Every structure is written in C-alpha cells, then in structure tokens.
Amino acid sequence: MNERQLTVAVKNAATAERLGELATAYSHLLNPIHVAAIFRKLASMCQPPNPATDPAAAAAAAAAVPAVAAAAAAARVSPEACEALLRQLQQQIKQQRCIGHGPRGIANILAAMAKLQCAPDTELLPMLLECFCSQAARAVPQDVANVLWSVAQITLAFGASIRPVTGHSHFTQVQ
C-alpha cells in the first residue's frame, strides 16, 4: 500500500478497529496528514448523529425503530479500540516531535481530542501548542479559532490550565 492508498483506506474505514489496524500495519507510512485524518475520523465516529443536521438520524429518531436502534448501537465505537488508537497516535506524534505537522493538522488533532474528550498526553499538548504557535503566521483564522476552542474544551474537561513557562516560549500543563 502506498500513501495515497492509505489515505483512501483511512477515509473509508468504518470502525475504530479498522483505523487501528491501518495505523499499526502502516505506521511506517503514516505522515502528519494521515495522523490528523485518523484523529478526525475517530472523532466523527464517536459523535452521535445530530437529528437537526442529519436527515437519516431525524428519521430514525422519529420512527424509533428497534432495528435502527440496534444498528446504531452496533456501529458504536469500541472504547478500548478508541483508547488504544489514541495512545498509539499520541505516541507517534511525540516521536516525530510534530515535525511536518502544519497549523491545519495541529488544529484538527486538537479539535478531535477535544471532541473525543481525550486528555492529551502531558508532553504532547505543550508540544502541539508550541508547534502551532511557531507557525501561527501561516495559520488561517479558522485554524486559530479551532485551537483556541480545543484548548478551552480540554481545559474545562480536565481542569488543566496552559501557561507559558517563565523565560521560555514553551508551554506547560498545570494540574
């Protein structure tokens, strides 16, 4: 499998287990775009459908058909698979030291973590923020907004605050 085929496989993955299989089997091919795409795909799998924006979800809610409910329950993401994949991806980003991750990818990773209510590794969050800030001139306003929203959500969910380390441009997580 080449990088383009891996991109398609990530896009077409229907379960967290499949995303995990791809991330494990092709870890040597995973580039920053793949990592961000897996995070985003996982976050979208874990979000319940919104009846206000998803006509199929609205119809299913209105019909309250047991078969539809059973199918929805079967489609739920395995928490164990999700956690394993999150650990694997966070480790990979740390090993890469965020090299190659652009502002959009970092914003997408942080947004996915916030949506998943995933506490980033204590080393990873400052690393992602430092990398984003070093590229802030290349970031579009939406990326900046996504990073700010994500950090706010992570801070609210986990009671952490982010502050600059005295004398450095790096960030640290305070418990």
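Everything numeric in this text was worked out from a predicted model, so none of it was measured.

## Some remarks on the overall build of the chain
Point 1. Looking only at helices and strands, the chain has 9 helices and 2 strands in total.
Point 2. Listing the helices and strands of the chain from first to last along the sequence gives α-α-α-α-α-α-α-α-α-β-β.
Point 3. Per-residue burial for the chain yields a buried fraction of 39% across its 175 residues.
Point 4. Looking at the chain alone, contacts between residues at least 24 apart form 71% of all its contacts between residues at least 6 apart.

## Overview of the pattern of salt bridges
Point 1. If you walk through the whole model with that rule in mind, you get 2 salt bridges.
Point 2. Its salt-bridge partner being Glu-21, residue Arg-18 comes within 3.3 Å of it at the nearest N-O pair. In this pair, Arg-18 and Glu-21 are both assigned in helix α2 (residues 16–25), 3 residues apart and thus about one turn of the helix distant.
Point 3. The class of Glu-21 is partly exposed, set by a relative accessible area of 46%.

## Observations regarding the confidence of the model for the chain
Point 1. Overall, the predicted model of the chain reaches an average pLDDT of 78, with 73% of residues at or above 70.
Point 2. Note that residues 64–75 has pLDDT below 50 and, in this model, 2 contacts with residues that lie over four places away or in other chains.

## Overview of the environment of Leu-124
Point 1. Relative to the helices and strands, Leu-124 resides in helix α8 (residues 124–134).
Point 2. Apart from residues lying up to four places away in sequence, Leu-124 is in contact with Gln-90, Ile-93, Lys-94 and Met-113.

## With respect to the nonpolar core
Point 1. Phe-39, Met-113 and Leu-128 are the most contacted members of the largest nonpolar core, which totals 44 residues.
Point 2. Breaking this core down by element, the ones donating at least two residues are α1 (3–12), α2, α3 (32–46), α6 (79–96), α7 (103–116), α8 and α9 (141–158).
Point 3. Not counting chain neighbours up to four residues away, the residues in contact with Phe-39 comprise Leu-86, Leu-89, Gln-90, Ile-93, Ile-109, Ala-112 and Met-113.

## Regarding α8
Point 1. The element α8 is largely enclosed, with a buried count of 9 among its 11 residues.
Point 2. Every buried residue belonging to α8 is among Leu-124, Leu-125, Pro-126, Met-127, Leu-128, Leu-129, Glu-130, Cys-131 and Phe-132, and all of these are buried.

## Quick word on the packing of α2 against α6
Point 1. Running from N to C, α2 and α6 point in directions that differ by 30°, and their axes come no closer than 9 Å. By the angle class used here, α2 and α6 are roughly parallel. Crossing handedness for the pair α2 and α6: left-handed. Residues Ala-16, Glu-17, Leu-19, Gly-20, Ala-23 and Thr-24 of α2 form the contact with α6, whose own contacting residues are Ala-81, Cys-82, Leu-85 and Gln-88.
Point 2. Taken together, the residues of the contact of α2 with α6 break down into 6 nonpolar, 3 polar and 1 charged.

## A few points about the state of the cysteines
Point 1. Summed over the entire model, instances satisfying the criterion amount to 0 disulfides.
Point 2. Counting only cysteine sulfurs, Cys-98 is the nearest neighbor of Cys-131, a cysteine outside any disulfide, at a range of 4.7 Å.

## Description of the packing of α6 against α8
Point 1. Put simply, α6 and α8 touch, their axes get as near as 10 Å, and they point 55° apart. In terms of orientation, α6 and α8 fall into the oblique class. The hand of the α6/α8 crossing is left-handed. In this structure, α6 contributes Gln-90, Ile-93 and Lys-94 to the contact, and α8 contributes Leu-124, Met-127 and Leu-128.
Point 2. When its residues are assigned to classes, the contact of α6 with α8 shows 4 nonpolar, 1 polar and 1 charged.

Parameters and conventions
Residues numbered from 1 in each chain as written. Predicted model: local features only at pLDDT ≥ 70, side-chain atom pairs only at ≥ 80, totals over all residues. Heavy atoms only, no water. Helix = DSSP H or I, 4+ residues; strand = E, 2+ residues; numbered from the N terminus. Buried < 20%, exposed > 50% of the residue type's maximum accessible area, 1.4 Å probe, protein only. Contact = heavy atoms within 4.5 Å. Salt bridge = Lys/Arg side-chain N within 4 Å of Asp/Glu carboxyl O. pLDDT = per-residue confidence, 0-100. Core = buried A, V, L, I, M, F, W, Y, C linked by side-chain atoms within 4.5 Å. Axes fitted to C-alpha atoms, helices over the stretch in contact; angles between N-to-C directions. Parallel < 35°, antiparallel > 145°, perpendicular 65-115°, else oblique. Left-handed = near helix turned anticlockwise from the far one by under 90°. Nonpolar A, V, L, I, M, F, W, Y, C, P; charged D, E, K, R; others polar. Disulfide = S-S within 2.5 Å.

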